[in-house]
Amino acid sequence: MAESPALKDWRSLVEEQLNKVTYAEADILKIMYICQDYLGEIQPIGQWVGQQEGFVRQMHHIFSDMYFTMFGKQPPPRPTEAPITEVLLDTPESRKQAIREVALSITKPGDDVSDEAVFEELKRRGMKIDAFNPTATISTILNGFKPQFEKVQGKRGVFRRQQ
């Protein structure tokens, strides 16, 4: 089976460039060319994901047909008690990405969000932060995303979403 292609956070890479430009003609061209380069990197990944999806769908179809043939009935629905697999956020990159995505998903621009609310949402989604003090880790990470979150003065662990 083909090895999975390396993934990057292309959106962040483009956003980083957007923060550096002055919107002169050369800057706009630079952003356009960067986007073209990134699209060239993303396209093979999309094809790879499509191949993986096709294979898994085919296996599901084959085994569903096999079940029906062998037992003369449709397979029952998957049990709802299936345990949620916990995702361990044990690298700085995985923590940053998950915390940013969760914080953005539970807020709108202008909303306040606490490190504890983000921590609870991570737990609800089956994610665990591998850190001595998870809420302090969340606060540190949110503080690093200045364009999206601003520390609310006088409130411990509370950030206001900017954009």
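Described below are features of the structure shown in this document.

What counts, and where the lines are drawn
Residues numbered from 1 in each chain as written. Predicted model: local features only at pLDDT ≥ 70, side-chain atom pairs only at ≥ 80, totals over all residues. Heavy atoms only, no water. Helix = DSSP H or I, 4+ residues; strand = E, 2+ residues; numbered from the N terminus. Buried < 20%, exposed > 50% of the residue type's maximum accessible area, 1.4 Å probe, protein only. Lys, Arg positive; Asp, Glu negative; His and termini not counted. Salt bridge = Lys/Arg side-chain N within 4 Å of Asp/Glu carboxyl O. Polar contact = N/O pair within 3.5 Å; in protein donor to acceptor, adjacent residues only side chain to side chain. Contact = heavy atoms within 4.5 Å. Core = buried A, V, L, I, M, F, W, Y, C linked by side-chain atoms within 4.5 Å. Axes fitted to C-alpha atoms, helices over the stretch in contact; angles between N-to-C directions. Parallel < 35°, antiparallel > 145°, perpendicular 65-115°, else oblique. Left-handed = near helix turned anticlockwise from the far one by under 90°. Nonpolar A, V, L, I, M, F, W, Y, C, P; charged D, E, K, R; others polar. Expected span 1.5 Å × (residues − 1).

### Overview of the side chain of Arg-161
Counting through the fold element by element, Arg-161 comes out in strand β5 (residues 158-161). For the buried Arg-161, no salt bridge exists, and the shortest N-O distance to an oppositely charged side chain is 6.6 Å, to Asp-111. From its side chain, Arg-161 meets the backbone oxygen of Thr-107 in a polar contact 2.5 Å long. Among residues more than four places away in sequence, those in contact with Arg-161 are Leu-104, Thr-107, Lys-108, Pro-109, Gly-110, Asp-111, Gln-148 and Phe-149.

### Structural notes on the nonpolar core
Counting residues in each nonpolar core, the largest one holds 15 residues, and the members touching the most others are Ile-99, Val-118, Leu-122, Ile-129, Ile-138, Leu-142 and Phe-149. When residues of this core are traced back to their parent elements, those giving at least two are α3 (92-105), α4 (115-124) and α5 (134-144). Per-element accounting of this core gives the leading share, four residues, to α3. When near neighbours in sequence (up to four residues on either side) are disregarded, Leu-122 contacts Leu-89, Ala-98, Ile-99, Val-102, Met-127, Ile-129 and Ile-138. Residues Trp-10, Val-14, Ile-34 and Tyr-38 belong to the second largest nonpolar core, which totals five residues.

### Points about the packing of α4 against α5
For the pair α4 and α5, interaxial distance at closest approach is 9 Å and the crossing angle is 110 degrees. Considering their axes alone, α4 and α5 lie roughly perpendicular with respect to each other. The two elements α4 and α5 meet at a crossing, and its hand is right-handed. Contacts from Asp-115, Glu-116, Val-118, Phe-119 and Leu-122 in α4 reach Pro-134, Thr-135, Ile-138, Ser-139 and Leu-142 in α5. Per-class residue counts for the contact of α4 with α5 are six nonpolar, two polar and two charged.

### A look at α3
Compared with the 20 Å implied by 1.5 Å per residue over 14 residues, the 20 Å span of α3 between its first and last C-alpha is a close match. Restricting attention to buried positions, one finds in α3 the residues Arg-95, Ala-98, Ile-99, Arg-100, Val-102 and Ala-103. If you follow the buried residues of α3, they end up packed against α1 (10-18), β1 (87-89), α4, β3 (127-129), α5 and β4 (149-151).

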